[in-house]
Amino acid sequence: MKETVTLVTCKDRAQARRIATALVREKLAACVNILPGVTSIYAWKGKVEEGAETLLIVKSRGALSKRLAARVRALHSYSVPEVITLSIASGNPDYLRWIRESTR
């Protein structure tokens, strides 16, 4: 698998910063963007819920996706955190190389 983008929603900015920092420090991610102010509408336990969340956009490698997801689950407060990984079809070759070089 090639380079990837993983989406993770967090309960607040503080949780998002903790998770993002851990992923980059542990070289599971080259970069994590934190986008506050996301409104999520979702089905949960038979009800439609709405809540404010913070979205992480995590840049990494596909080979690390299972470890990355496990680490997010270990650090996250949600019983079922969103961890969705998408393959990057194409991009700036220098940036993609940087992702590979910045992760292990």
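Read on for an overview of the structure. (Residues numbered from 1 in each chain as written. Predicted model: local features only at pLDDT ≥ 70, side-chain atom pairs only at ≥ 80, totals over all residues. Heavy atoms only, no water.)

**What about helix α2 (residues 65-75)?**
Thinking step 1. Within the sequence span of α2, burial applies to Ser65, Leu68, Ala69 and Val72. Projected down its long axis, α2 carries its buried residues within an arc of 95°, all on one side. For α2, the exposed residues set more than 90 degrees away from the buried face come down to Lys66 and Ala74. (Buried < 20%, exposed > 50% of the residue type's maximum accessible area, 1.4 Å probe, protein only. Helix = DSSP H or I, 4+ residues; strand = E, 2+ residues; numbered from the N terminus. Arc of directions from axis to C-beta.)

**A short note on the pattern of salt bridges**
Thinking step 1. What the rule picks out here adds up to 3 salt bridges.
Thinking step 2. Where Glu3 meets Arg100, a salt bridge forms, and the shortest distance between an N and an O atom there is 2.7 Å. Linking Glu3 in strand β1 (residues 3-10) with Arg100 in helix α3 (residues 93-102), this pair joins segments that are 97 residues apart in sequence.
Thinking step 3. One salt bridge in this structure joins Glu26 and Arg71, with 2.8 Å as the shortest N-O distance. (Salt bridge = Lys/Arg side-chain N within 4 Å of Asp/Glu carboxyl O.)

**Observations concerning α3**
Thinking step 1. Restricting attention to buried positions, one finds in α3 the residues Leu96, Ile99 and Ser102. One side of α3 carries all its buried residues, which in axial view fall inside an arc of 130°. In this structure, α3 carries Pro93, Asp94 and Glu101 as exposed residues pointing more than 90 degrees from its buried face.
Thinking step 2. Summarising the contacts, the buried residues of α3 are in contact with β1 and β3 (47-61).
Thinking step 3. Of the residues that open α3, the one with a side-chain oxygen 3.0 Å from the backbone nitrogen of Asp94 is Asn92. (Contact = heavy atoms within 4.5 Å. Polar contact = N/O pair within 3.5 Å; in protein donor to acceptor, adjacent residues only side chain to side chain.)

**Let's talk about the sheet that holds β1**
Thinking step 1. Taken in spatial order, the 4 strands make up an open sheet running β2-β3-β1-β4, and their pairing is antiparallel. Strands with a single pairing partner mark the edges of an open sheet, and in this sheet they are β2 (31-44) and β4 (84-87). In this sheet, neighbouring strand axes are inclined to one another by 30° on average, regardless of whether the strands run parallel or antiparallel.
Thinking step 2. Across 4 bridges, β1 lies against β4 in antiparallel orientation. Residue Val5 lies in a different strand from β4, and its bridge partner there is Leu86. (Pairing = 2+ DSSP bridges. Axes fitted to C-alpha atoms, helices over the stretch in contact; angles between N-to-C directions.)

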